[in-house]
Amino acid sequence: MSSLTIGIVGASIYVAKKLKEEQHLKKINLQVKHAKDTLASNKVCGSWIMKKNNENDYIGAINVLDNNNNIKDHYFEISSNYKFKWVSELQEDY
């Protein structure tokens with residue numbers, strides 16, 4: 001095998017991996033967007049998301065202003081198969 005062939009195969013594998021990762025993140029962000037849409041959209045003031053330790057699941061929160069202009073966190077989890085669920089609070093081990 002020539003070094004050109006090895007380079008082409010290596011680049012193809014790299015591009016395929018990056019595309020898969022990008023599609024994964026788009027699905028996660030879509031779940032967060034749908035969740036934001038269920039809340040009072042004019043009151044959403046931010047959000048954050050992070051990957052759980054040693055897992056393919058994600059946790060995060062959507063920040064919403066209440067009527068007294070206090071920020072209320074709405075916590076959620078997204079499983080590795082993109083199932084979204086609201087949670088009352090986050091565990092300490094995340």
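Now for a description of the structure that goes with this document. What you are looking at is a predicted structure, and each value in this text was computed from that prediction instead of being measured.

**Here we look at the overall build of the protein chain**
Working step 1: When its secondary structure is counted, the protein chain shows one helix and four strands.
Working step 2: Shown N-terminal to C-terminal, the secondary structure of the protein chain runs as helices and strands in the order α-β-β-β-β.
Working step 3: The C-alpha atoms of the protein chain give 19 Å as radius of gyration, which overshoots the globular expectation for 94 residues (12 Å, by more than 25%).
Working step 4: Principal-axis analysis of the C-alpha atoms places the extent of the protein chain at approximately 70 × 30 × 20 Å.
Working step 5: For the protein chain, buried positions account for 19% of its 94 residues.
Working step 6: Long-range contacts, defined here as pairs at least 24 residues apart, represent 31% of the contacts in the protein chain between residues at least 6 apart.
Working step 7: With an accessible surface of roughly 7,100 Å², the protein chain has 52% of that area assigned to carbon and sulfur atoms.

**Re the packing of aromatic side chains**
Working step 1: For the coordinates displayed, the defined rule picks out three aromatic pairs.
Working step 2: On the basis of an interplanar angle of 85° and a centroid distance of 6.5 Å, the ring pair of Phe-76 and Trp-86 is categorised as edge-to-face. Of the two residues, Phe-76 is situated in strand 3 (residues 71–78) and Trp-86 in strand 4 (residues 84–87); the sequence distance between them amounts to 10 residues.
Working step 3: By relative accessible area, which is 0% here, Phe-76 ends up buried.
Working step 4: Among the residues examined, Trp-86 registers a relative accessible area of 39% and is labelled partly exposed.

**Some remarks on the nonpolar core**
Working step 1: Among the nonpolar cores identified, the biggest contains nine residues, and these are Ile-28, Val-32, Ala-35, Leu-39, Tyr-58, Ile-62, Val-64, Phe-76 and Ile-78.
Working step 2: Counting only elements with at least two residues in this core, the list comes to helix 1 (3–38), strand 2 (58–65) and strand 3.
Working step 3: Ignoring anything within four residues of it in the chain, the contact list for Ile-62 reads Val-32, Ala-35, Lys-36, Leu-39, Val-44, Gly-46, Ser-47, Lys-72, Asp-73, His-74, Phe-76 and Trp-86.

Analysis parameters
Residue positions within a chain follow its written sequence, with the count starting from 1. Two thresholds apply to this predicted model, a pLDDT of at least 70 for residue-level local features and 80 or more for giving and counting side-chain atom pairs, whereas whole-chain, interface and lining totals are computed over all residues. By convention in this description, side-chain values take in all heavy atoms of the structure and omit both hydrogens and water. Helix and strand labels come from DSSP, where a helix needs a run of H or I of at least four residues and a strand needs a run of E of at least two; each type is numbered from the N terminus. C-alpha atoms define the radius of gyration, and 2.2 Å times the number of residues to the power 0.38 defines the globule rule. Remark: exposure states derive from per-residue accessible area (1.4 Å probe, protein chains only) relative to the maximum for the residue type, with buried under 20%, exposed over 50%, and partly exposed in between. In this description, contact between two residues means that some pair of their heavy atoms is separated by no more than 4.5 Å. Using the Shrake-Rupley algorithm and a 1.4 Å probe, accessible areas are obtained, with residue cover drawn only from the displayed protein chains. Note on ring pairs: Phe, Tyr and Trp rings are taken, using the six-membered ring of Trp, and paired if centres are within 6.5 Å. Classes follow the plane angle, with under 30 degrees stacked, over 60 edge-to-face and the rest tilted. Note on terminology: a nonpolar core comprises buried Ala, Val, Leu, Ile, Met, Phe, Trp, Tyr and Cys residues joined through side-chain atoms within 4.5 Å.

So, to be careful, I would describe these as geometric facts and stop short of saying anything about function.
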